Amino acid sequence: MKTFLSLALVLLAFVPCFADKRPNILFIIVDDQSPLDLNIYRPDSKQETPHIDRLAAEGMVLDAAHHMGSFSGAVCTPSRHMVMCGRTVWHLPIAPKAMETCPPEVIDNVMAEVFNRAGYDTMRTCKRGNSYRGANEKFTVVHDATKRGGTPETGSAWHGERVLEYLNERSSNKDEDPFLIYFGFSHPHDVRDGTPELLAKYEATNHTDKNSLPKERDGQPVLPNNWLPAHPFHHGHPGLRDEVSVRGVWENRDPATIRNELGREYACNEYIDIQIGRVLAKLEEMGELDNTYIFYTADHGMAIGRHGLQGKQNLYEHTWKVPFVVKGPGIKAGSRAPGNIYLLDVLSTMCDLTGVDIPKTNEGISFKPVLLGEKEVTRDVLYGVYNGGTKPGMRSVKKGDWKLIKYDVLDGEVRETQLFHLGDNPDEYLKEHHDPAVAKLTGAKPQPHQVNLAGDPKHAEKLAEMEALLLSEMRRLNDPWRLWDQPDDGLTPPARKPKPAKKNKPKPKKPKA
């Protein structure tokens, strides 16, 4: 009996040597980046990001990754909630009817909490604010600060240093636990103050004079091919910060302003890429790179001149879609798939890849089968919303190559419908893009059929199909509003929160004569 026990103890002692080591996760998320900035999505882009390119070459690029949308002008807030808890937009803990649609235990099933319970070491660095504070605080190590300057201390290098310090500490302590690192950046969100060297590379300047325009230079990024000097109709959010107040742009949409702002964006993107390269080198040095799933994405896209818009509060592809790259064990190098994923699918996918239990409060769909080459997409239909301005706002739905966008804003003053075939019109050209004056500046040559097809009788049947599909998705996802040409379904839309009254300072009393 003693011999048997001794043998059993010896075998148990060697079990860890034979057991597979659990994979790590490095989740990289940037703030306000259109996939169309990046060379991996737009090969003619001047943007240089060799380390993101490396991730793509060694992993998989998803061509149809989206955020589900927002009920707030701060689009990043719902987006980052969805990343953290894996719930759909109208079921978030901050949604307008959260008391009815979100269980209170969701806070106990957010990303860091799930992986803490599974024995992972968790760490994050990111911007501060406009995110899910309760979920952020669940990470064991937290270094959050908003860094949008052009120096190592005030810019993206600060976030990179926090990750490198954490990895160095793990090495020193010989920490063998698997890790989850949430590697977030404050850029390229405005103010896009790049480093002097990278601004010079893209021939951009940190323009600060509202009464003048920046200089247009040959080495700047070219105008986007779907640039417009103005959007054809009001977007529905009067006074929206991103459209009127961004320093260096304000309400200007002229070529000089947009090209300069894109140059600033590119400078910030490349500085982020440099930090990613430093962290990849450290993981390689530690022998952890090949055992780490690395995700690269953004919280949403960005317009910067496309369709005459500047911000993130729209549902065109340049803004509704996000860049998404994943590299890691079992993922074929240089592979590509549509994916049809939402950012809210990240949590379930991380769990699925690492063998961690997916929390019951999660509503996302794991796209592990896509990453492993077993499927092309996770779902056939995609829904999007923006109603952070006037209500009900914008809605979109996409199935295959067909996409519908509807606008019901400014108390009925603007009611518009757009229908695009993205296979034929991937840049969502409108009739305004065919204006010779616009085409001369962009160099684009849109074909006659590349327009909004909603008014074309030949596509009336497809339009009706997409309208019905949108209503179906709105019902399925508990969208609390209906558009002007939809049945009201007996809904009572959420009450609008009154704006806090401004406190008037009492006027000083005049002294008696």
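Shown above is the structure to which this text applies.
Residues numbered from 1 in each chain as written. Predicted model: local features only at pLDDT ≥ 70, side-chain atom pairs only at ≥ 80, totals over all residues. Heavy atoms only, no water.

What to know about the layout of surface pockets
What counts here: A 1.4 Å probe that fits into a set of points on a 1 Å grid over the protein atoms alone but cannot get out defines a cavity; an open set with protein on both sides within 12 Å along at least five of seven lines defines a pocket, and lining residues are those with an atom within 4 Å of a point. Grid points are joined across faces, edges and corners, and a volume is the space filled by probe spheres set on the points. Gly counts as polar in this scheme, as do all residues outside two lists: the nonpolar Ala, Val, Leu, Ile, Met, Phe, Trp, Tyr, Cys and Pro, and the charged Asp, Glu, Lys and Arg.
Of the pockets and cavities examined, the second largest pocket occupies roughly 510 Å³. Taken together, 23 residues line the second largest pocket, and the ones lying closest to its centre are D63, E317, K321, K398 and L422. Per-class residue counts for the lining of the second largest pocket are eight nonpolar, five polar and ten charged.

Things to note about the pairing of strand β9 (residues 324-327)
To be explicit about the condition: Exposure is judged per residue with a 1.4 Å probe applied to protein chains only, and the accessible area is read against the type maximum: over 50% gives exposed, under 20% gives buried, and values in between give partly exposed. The secondary structure listing takes helices from DSSP runs of H or I that are at least 4 residues long and strands from runs of E that are at least 2 residues long, numbered from the N terminus. Two strands are counted as paired when DSSP detects at least two bridges linking them.
Neither face of β9 is open: one carries F324 and V326, the other V325 and K327, and all of them are buried. Pairing analysis gives two bridges linking strand β2 (residues 60-62) to β9, with the strands arranged antiparallel. Paired with M60 across the bridge in β9 is V326. As defined by bridge partners, strand β8 (residues 292-298) adjoins β9 across four bridges and the pair is classed as antiparallel. Paired with Y296 across the bridge in β9 is V325.

A word on the nonpolar core
What counts here: To define a nonpolar core, start from buried Ala, Val, Leu, Ile, Met, Phe, Trp, Tyr and Cys residues and group those joined through side-chain atoms within 4.5 Å. Contacts are assigned to residue pairs with any non-hydrogen atoms lying within 4.5 Å of each other.
Ranked by internal contacts, the top residues of the largest apolar core, which has 132 residues, are M111, F115, F295, F324 and Y383. Ranked by the residues each element gives to this core, the list is headed by helix α10 (residues 255-286), at ten residues. With near-sequence residues (within four places) excluded, F295 lies in contact with I25, L26, F27, I28, F324, V325, V326, M350, L353 and F367.

Re the sheet that holds strand β6 (residues 141-144)
Here is the rule we go by: Between N-to-C directions, angles cover 0 to 180 degrees, with each direction set by a line fitted to C-alpha atoms, over the stretch in contact for helices.
Spatially, β6-β5-β7-β1-β8-β9-β2-β10 is the arrangement adopted by the eight strands of the open sheet, whose pairing is mixed. The open sheet has two free edges, formed respectively by β6 and β10 (335-337), since each of these has just one partner strand. When strand polarity is set aside, the average angle formed by the axes of neighbouring strands in this sheet is 10 degrees. Running over the sheet, α10 touches β1 (24-31), β7 (179-188) and β8 and is turned about 160 degrees from β7.

Taken by themselves, the reported measurements are silent on function.
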